[in-house]
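# Descriptive analysis of the structure
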Amino acid sequence: PNGFYDPVTGNIYIDLNAGNNGEQTILYTAAHELTHFIKQWSPEKFQTLAKVLVEEYEGHNVDVDRLVRMQMDKAERSGRTLTYEGAFEEMVADSMESMFTAANLSEKLERIRTADESLWQKMKDWFATIREEIAKVYSGVEHNFAGN
């Protein structure tokens, strides 16, 4: 996997080699796994986050129930069974992936901030920590850019 959330330790693991082909996999994975962390950290804050994302879908006439059922089908094709609640969490996590790579990210983050300032701050702090950790991993590494 490109990453996973360990609910026992509360740690999120991200493969730093993910996305080396320019597909932003590290960002997708971080956003996805952050969602699972939020669900365990505060189910109420997860519901707030989910509400903001669901409202975004509904504003674009996207059938959220269909997205949840697609998660259940995807799990079944992989030999797993997901409850509706588990599939909903996966749908929200996948939505976070999309949100963090959307052109209107700041607008979406502002909706989260308006809905719950402490949730927004937790997300902001978490991404700052991830950025610092990634910077530590790559400190001292020489960059070799083509043409330089």
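Now for a look at the structure at hand. The structure displayed is predicted, hence computed values, not measured ones.

Analysis parameters
Residues numbered from 1 in each chain as written. Predicted model: local features only at pLDDT ≥ 70, side-chain atom pairs only at ≥ 80, totals over all residues. Heavy atoms only, no water. Phe/Tyr/Trp six-rings, centres within 6.5 Å; stacked < 30°, edge-to-face > 60°. Buried < 20%, exposed > 50% of the residue type's maximum accessible area, 1.4 Å probe, protein only. Lys NZ or Arg CZ within 6 Å of the ring centre and 35° of its normal. Salt bridge = Lys/Arg side-chain N within 4 Å of Asp/Glu carboxyl O. Helix = DSSP H or I, 4+ residues; strand = E, 2+ residues; numbered from the N terminus.

### Description of the packing of aromatic side chains
Inspection of the entire model under this criterion finds three aromatic pairs. With 4.9 Å between their ring centres and 90 degrees between their planes, Trp126 and Phe127 make a pair best called edge-to-face. Comparing Trp126 with Phe127, the two get one shared label, buried. Here Lys39 stacks its cationic end above the ring of Phe46, 5.6 Å away from the centre of that ring. Above the face of the Trp120 ring, Arg113 is positioned so that its terminal group lies 4.1 Å from the ring centre.

### Overview of the pattern of salt bridges
One pass over the structure, following the stated rule, counts 10 salt bridges. The closest approach of N and O atoms between Glu107 and Arg111, which form a salt bridge, is 2.4 Å. In this pair, Glu107 and Arg111 both sit in helix α5 (residues 105–115), four residues apart, roughly one turn of the helix. Given a relative accessible area of 34%, Arg111 falls into the partly exposed group. One continuous salt-bridge network, built from bridges that share partners, spans Glu56, Glu107, Lys108 and Arg111.

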